[in-house]
Amino acid sequence: MSGTGEHEGDDELRWLDEQEKEAWTGLISLVLLLPGKLESPLRQEHGLTLFEYLVLSHLSEAPQRRLRMGELAFLASGSLSRLSNVIKRCEQRGWVVRTPDPADGRYTLAELTDAGFDIVDLAAPTHLRAVRRVVLDSLNPADRKALARIARKLRVVPDDFG
């Protein structure tokens, strides 16, 4: 992104310098390409999308393997509507059940079934190998620490959560 054109309302428009441009193009490349590289092995070996895997994985790690839908959407970095569609597909496969939250009936719980746990258990090594190969193995400890710090700073919250 560079240029010299003036646009209405651009009083303080600052074009990217070379370092900023390199950072931005590197980030957008990661954002666009990385999910596919992580999803491909899951699709090929287990018929799962990356988002489905993340949803099931978060449920597998939750107490009693269940979470409120809103919390699960936040953890999986997805909107409630996207999560609802995925949970519906997972219910059809027998991997998840939805029930009203006994503590507060206004909320819905998603609970991982034994069959759902089995698919996560089967897919986890595939996902872990992809994460290591595509992301972590090429980073030294300082790089990993920097990546975690940057990811915290750039954490994007789905629109449903403002």
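Everything below is about the structure printed above this text.
Residues numbered from 1 in each chain as written. Predicted model: local features only at pLDDT ≥ 70, side-chain atom pairs only at ≥ 80, totals over all residues. Heavy atoms only, no water.

A word on a nonpolar patch on the surface
On the surface, a nonpolar cluster with roughly 650 Å² of combined accessible area is contributed by Trp-24, Leu-27, Val-31, Leu-32, Leu-33, Ile-150 and Leu-154. Of all elements in the fold, only helix H1 (18–46) and helix H6 (141–154) reach the threshold of two or more residues within the nonpolar patch. The biggest single contributor to the nonpolar patch is H1, with 5 residues. You can see Leu-27 is positioned in helix H1. (Patch = residues over 30% accessible without salt bridge, like charges linked within 9 Å, V, L, I, M, F, W, Y side chains within 5 Å. Areas by Shrake-Rupley, 256 points an atom, 1.4 Å probe, with all protein chains shown as cover. Salt bridge = Lys/Arg side-chain N within 4 Å of Asp/Glu carboxyl O. Helix = DSSP H or I, 4+ residues; strand = E, 2+ residues; numbered from the N terminus.)

Concerning the environment of Glu-52
One can find Glu-52 in helix H2 (residues 50–61). With a relative accessible area of 3%, Glu-52 lands in the buried category. Residues Glu-52 and Cys-90 lie 38 residues apart in sequence; the distance between their C-alpha atoms is 8.1 Å. (Buried < 20%, exposed > 50% of the residue type's maximum accessible area, 1.4 Å probe, protein only.)

Some thoughts on helix H5 (residues 114–134)
Counted at 1.5 Å a residue, the expected span for H5 with its 21 residues is 30 Å, and the 30 Å between its end C-alpha atoms agrees. Roughly 35° is the biggest bend found in H5, and it falls at Ala-123, with proline Pro-125 one to four residues downstream. Listing the buried residues of H5 in full gives Gly-116, Ile-119, Val-120, Ala-123, Thr-126, His-127, Ala-130 and Val-131. Structurally, H5 contributes buried residues whose contacts are with H1, H2 and strand E3 (108–112). (Expected span 1.5 Å × (residues − 1). Bend = angle between axes of the 7 residues up to and from the residue. Contact = heavy atoms within 4.5 Å.)

Some points on H1
Look at H1: 42 Å from first C-alpha to last across 29 residues, which is about the 42 Å you get at 1.5 Å a residue. Roughly 35° is the biggest bend found in H1, and it falls at Leu-33, with proline Pro-35 one to four residues downstream. By the burial criterion, the buried members of H1 are Leu-38, Pro-41, Leu-42 and His-46. As for H1, its buried residues are in contact with H2 and H5. Trailing H1 by a residue or two, Gly-47 shows a phi angle of about 70°, which is positive.

Topic: the nonpolar core
Counting residues in hydrophobic clusters, the biggest one holds 28 residues, and the most contacted among them are Leu-48, Val-55, Leu-56, Leu-59, Leu-72, Ile-87 and Val-96. Contributing elements (two or more residues each) for this core: H1, H2, helix H3 (69–75), helix H4 (80–92), E3 and H5. By residue number, the principal contributor to this core is H2, which donates 6 residues. Each residue touching Val-55, except ones within four places of it in the same chain, is listed here: Leu-72, Ala-76, Leu-83, Val-86 and Ile-87. (Core = buried A, V, L, I, M, F, W, Y, C linked by side-chain atoms within 4.5 Å.)

A short note on the sheet that holds strand E1 (residues 66–68)
Spatial ordering of the open sheet is given by E1-E3-E2, a layout of 3 strands whose pairing is antiparallel. Strands at the two margins of the open sheet, each flanked by one partner only, are E1 and strand E2 (96–100). Direction aside, the axes of adjacent strands within the sheet are offset by 25° on average. With 5 bridges joining them, E2 and E3 adopt antiparallel strand pairing. Bridge pairing links Arg-98 to Ala-110 in E3. Sheet contacts for H4: E2 and E3; angle to E2, the most-contacted strand, approximately 115°. (Pairing = 2+ DSSP bridges. Axes fitted to C-alpha atoms, helices over the stretch in contact; angles between N-to-C directions.)

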